[in-house]
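A structural walkthrough
Read off the chains here:
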Amino acid sequence: MIIAIDGPAASGKGTLAQRIGGHFGYVWLDTGLLYRAVARDALAAGADLEDGAACARAAVALDAGTLGDPALRTTAIGEAASVVAKHPAVRAALLDFQRQFARTPPGAVLDGRDIGTVICPDADVKIFVTADVEVRARRRYEEYARRGENVTYDEVLEIIRQRDARDASRAAAPLKQAPDAVLLDTTGMDIETAFQAALNIIAHVTIGRSEAR
Ligand code: CDP
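Residues numbered from 1 in each chain as written. Predicted model: local features only at pLDDT ≥ 70, side-chain atom pairs only at ≥ 80, totals over all residues. Heavy atoms only, no water.

Before going further, it helps to spend a moment on the site of the ligand. Taken together, the neighbourhood of the ligand is formed by 18 residues, with K13, R36, R140, R163 and D167 sitting nearest. Separating a nitrogen atom of the ligand from a side-chain N or O atom of D114 is a distance of 3.0 Å. R170 is positioned such that a nitrogen or oxygen atom in its side chain is 2.8 Å from an oxygen atom of the ligand. Mapped onto the shell around the ligand, the elements with two or more residues apiece are α2 (32-44), α4 (75-84) and α8 (153-169). (Near = heavy atom within 4 Å. Polar contact = N/O pair within 3.5 Å; in protein donor to acceptor, adjacent residues only side chain to side chain. Helix = DSSP H or I, 4+ residues; strand = E, 2+ residues; numbered from the N terminus.)

The element strand β3 (residues 108-112) is largely enclosed, with a buried count of 5 among its 5 residues. Burial along β3 is two-sided: the face carrying A108, L110 and G112 and the face carrying V109 and D111 are both buried. As paired elements, strand β1 (residues 2-6) and β3 share 5 bridges and run parallel to each other. Each bridged residue has a counterpart across the sheet, and for A4 the counterpart in β3 is L110. (Buried < 20%, exposed > 50% of the residue type's maximum accessible area, 1.4 Å probe, protein only. Pairing = 2+ DSSP bridges.)

The next point concerns the environment of L34. Within the fold, L34 resides in helix α2. On the basis of relative accessible area, L34 is assigned to the buried category, the value being 1%. Apart from residues lying up to four places away in sequence, L34 is in contact with L29, L62, L67, L94, F97 and Q98. (Contact = heavy atoms within 4.5 Å.)

Core analysis: the largest hydrophobic core is formed by 35 residues, its most contacted members being V38, V90 and L94. Residue assignment for this core shows that the elements contributing at least two residues are β1, α2, α3 (52-60), α4, α5 (88-102), β3 and α6 (115-119). With 7 residues, α2 is the single largest residue contributor to this core. V38 has contacts with C55, A58, A59, L62, V84, V90 and L94, leaving out every residue within four places of it along the chain. Among the nonpolar cores identified, the runner-up in size contains 19 residues, and L184, A194, A197 and I202 belong to it. (Core = buried A, V, L, I, M, F, W, Y, C linked by side-chain atoms within 4.5 Å.)

Following the criterion strictly, the structure yields 16 salt bridges and no others. Here D167 and R113 are joined by a salt bridge, their closest N and O atoms 3.3 Å apart. Of this pair, D167 sits in helix α8 while R113 sits in the loop between β3 and α6, and the two are 54 residues apart along the sequence. When the shortest N-O distance is used, the salt bridge between K126 and D180 registers 3.1 Å. Residue K126 is located in strand β4 (residues 125-130), and its partner D180 is located in the loop between α8 and β5 (182-185); the two are separated by 54 residues in the primary sequence. A network of salt bridges, in which partner residues are shared, links R140, E143, R147 and E149. (Salt bridge = Lys/Arg side-chain N within 4 Å of Asp/Glu carboxyl O.)

Coordinates in, geometry out; function isn't part of it.
Now the structure itself:
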């Protein structure tokens, strides 16, 4: 069973994916961490983030054991990740790892931008999670405030707007809803409500499919 969860920055897809994975006993991968880790390693090697070949070298050499690094969660690394993520060679270098992970029995949940469109086009369930940009900025701002990051709500809103624009406009695997993905707009929902809504979508899609057989 493969569950693909895509959506824009701070839409809550990571929290949802983790809860869904825990609920069904499936493994979970936040694929944004891969791009964040490549950005971290490329910066550490002194690479220019606009240099696709240099960033791809960092992607090929990536040690997946370092994805738990708390430094990956900062605003600056999120920004840098969306720059390295536009290089096709970086995306190509990370493809096999994600596809292999997706095949972990009995099931896997992957969240990102292109899981339902490029990484796992045959996923059993695809959910596109979104929310109004002001709501997403508020959630991210509160997350940063809890961690003591020195950034204002207006700055977070601007960063998220720019990141969404960059992710949606790039040529390689842009952020977009797969035609067969179910839209989940969490604007007025808390985490628990969004989780229940996601479980309903999964039940609906999987029951519908077994009835069609
Ligand atoms: O947590 P948040 O939504 O802010 O970001 P993330 O999921 O950690 O992703 C950071 C950046 O990595 C995104 O802005 C994308 O540019 C890139 N990314 C991607 O291109 N493809 C993915 N499957 C996941 C992330």
